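# Fold and contact review
The primary structure of each chain is shown beneath.
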Amino acid sequence: MSSAVVIPAAGLGLRLGGETPKAFREVGGDSLLVHAVRGLRAASAADLVCFVVAVPPGSEETVGKELAPYVGDARLLVVAGGAERPASVRAALDVVPVDGIDCILVHDAARAFVPAEVIERVVATVRAGADAVVPVVPVTDTIKVVGPHGEVVDTPDRSTLVAVQTPQGFSPEVLRRAHAAGADAAVTDDAMMCERLGVTVQTVEGSPDAFKVTRPQDLVLAEALLARREREQLGGQPNAGTGPAAAPEREERVIGQPSGWPGDGSGGGQAG
């Protein structure tokens, strides 16, 4: 059996600033979306045979041409995303093949530097029988629950808290059923949609490298991470992901500003 991945990349990412949608912002000469696809492809044990990417309407052809060199012999489908993230995931999920797929990943382009072993761990856990799987890291900050006027009403036990990352992995039947049930504004990821159906969500170990690029300072962190990985490659050390050296040669970049993306609206942004 094989797996497929859905990447919602139609959101603007307003907290990051600038006019370029977040998935198309460049780090180390490549967009976050390219880094994300290349990282997924590096997870060979995941057996990814299909990449489905939801993008701003009108940019499908441009994005497809840019991503094609990175998916190898896997199938690449680029579809128009929706106004919100769940709509983008549903649009992508509608074209994921039904036959021969035993695991569907949902991955945010903003988490572009996930190590291959995290991706493979998620897929392996789904194949071992879990209906829904999320990679997590421990919470290191003290968390406060606040009331409507900003007052602290509780301090949860930090040892029971984790921060959730992507890719999240699902049994295809469970993910399709969760999306068929619909999502409201309170839903922040696909695992939460499964929880509402009573599905048990299993956790696996995530990675600090799988941080979400959300604010301008995250771009600085991303550049530093890529520089570290490039040094590791040059030194012949194991590389936990991808870096600029892995990019194929091409005459010009087109993904920095794909033609036809909407100039306003919230778009199908990232979870978490």
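It should be noted that the structure appears before, not after, this text.
These figures come from a predicted structure and were not determined experimentally.

Parameters at a glance
- Counting of residues starts from 1 at the beginning of each chain's written sequence and follows it residue by residue.
- Reporting in this predicted model follows two pLDDT cut-offs: at least 70 for local features of residues, and 80 or more for side-chain atom pairs to be given and counted; totals over whole chains, interfaces and linings ignore these cut-offs and use all residues.
- The side-chain values count all of the structure's non-hydrogen atoms but skip hydrogen atoms and water molecules.
- Elements are defined by DSSP. Helices are runs of H or I of four residues or more, strands are runs of E of two residues or more, and each kind is numbered from the N terminus.
- Remark: exposure states derive from per-residue accessible area (1.4 Å probe, protein chains only) relative to the maximum for the residue type, with buried under 20%, exposed over 50%, and partly exposed in between.
- The contact rule is simple, with two residues in contact once any of their heavy atoms fall within 4.5 Å.
- Computed by Shrake-Rupley with a 1.4 Å probe, the accessible areas treat only the displayed protein chains as cover when residues are assessed.
- Take the buried Ala, Val, Leu, Ile, Met, Phe, Trp, Tyr and Cys residues and link them wherever side-chain atoms come within 4.5 Å; each set so joined is a nonpolar core.
- Two strands pair under a simple rule: DSSP has to find at least two bridges between them.
- Look down the strands so they point away from you; if the path from the first strand over the helix to the second goes clockwise, the crossover is right-handed.
- Salt bridges are defined as contacts in which a side-chain nitrogen from Lys or Arg sits within 4 Å of a carboxyl oxygen from Asp or Glu.
- Multiplying one less than the number of residues by 1.5 Å gives the expected span of a helix.

The next thing to look at is the overall build of the chain. Helix and strand content of the chain: seven helices and 12 strands. Across the 272 residues that make up the chain, the buried fraction comes to 50%. The contacts in the chain between residues at least 6 apart in sequence include a share of 74% that link residues at least 24 apart. When the accessible surface of the chain is split by element, carbon and sulfur atoms take 51% of a total near 12300 Å².

With 35 residues, the main nonpolar core has I7, L33, V37, L40, F51 and L105 as its most contacted residues. Listing elements by their share of this core, those giving two or more residues are β1 (2–8), α1 (32–42), β4 (48–55), α2 (60–67), β6 (101–106) and α4 (116–127). Broken down by element, this core gets its largest block of residues, six residues, from α4. Excluding residues that lie within four positions of it along the chain, L40 makes contacts with V5, I7, L48, F51, L105, H107 and I119.

So, on to α2. Along α2, the residues classified as buried are T62, V63, G64, E66 and L67. Among the structural elements, α1, β4 and β5 (75–80) are those in contact with the buried residues of α2.

Here we take up the pairing of β5. Across six bridges, β4 lies against β5 in parallel orientation. By the bridge assignment for β5, C50 is matched with R75. In this region the chain leaves β4, passes through α2 and returns to the parallel neighbour β5; the handedness of that crossover is right-handed.

Moving on: the pattern of salt bridges. Counted by the stated rule, this structure contains 11 salt bridges. Of the charged contacts, one joins R228 and E232 as a salt bridge, the two residues approaching to 3.4 Å between their closest N and O atoms. Within this pair, R228 and its partner E232 are both found in helix α7 (residues 216–234), separated by four residues, close to a single helical turn. Taking the relative accessible area as the measure of exposure, R228 reaches 29% and is therefore partly exposed. Of the residues examined, E232 reaches a relative accessible area of 17% and is grouped as buried. Through salt bridges with shared partners, one network takes in D209, R228, R229 and E232.

Once that is clear, we can look at α4. A rise of 1.5 Å per residue sets the reference length of α4, with its 12 residues, at 16 Å; its end C-alpha atoms lie 17 Å apart and thus fit the reference within 8%. Those residues of α4 lying buried are A116, V118, I119, V122, V123, T125 and V126. Check the buried side of α4 and you find it contacts α1, β6, β7 (132–138), β11 (168–170) and β12 (201–205). Positive backbone phi, at 125°, marks G129, one or two positions downstream of α4.

The next subject is the environment of A4. With respect to the helices and strands, the residue A4 is situated in strand β1. Judged by relative accessible area, which is 0%, A4 ranks as buried. The sequence separation of A4 and R75 amounts to 71 residues, and the corresponding C-alpha distance is 9.2 Å. Once residues lying within four places of it in the same chain are set aside, the contact partners of A4 are L48, C50, V96, I101, C103, I104 and L105.

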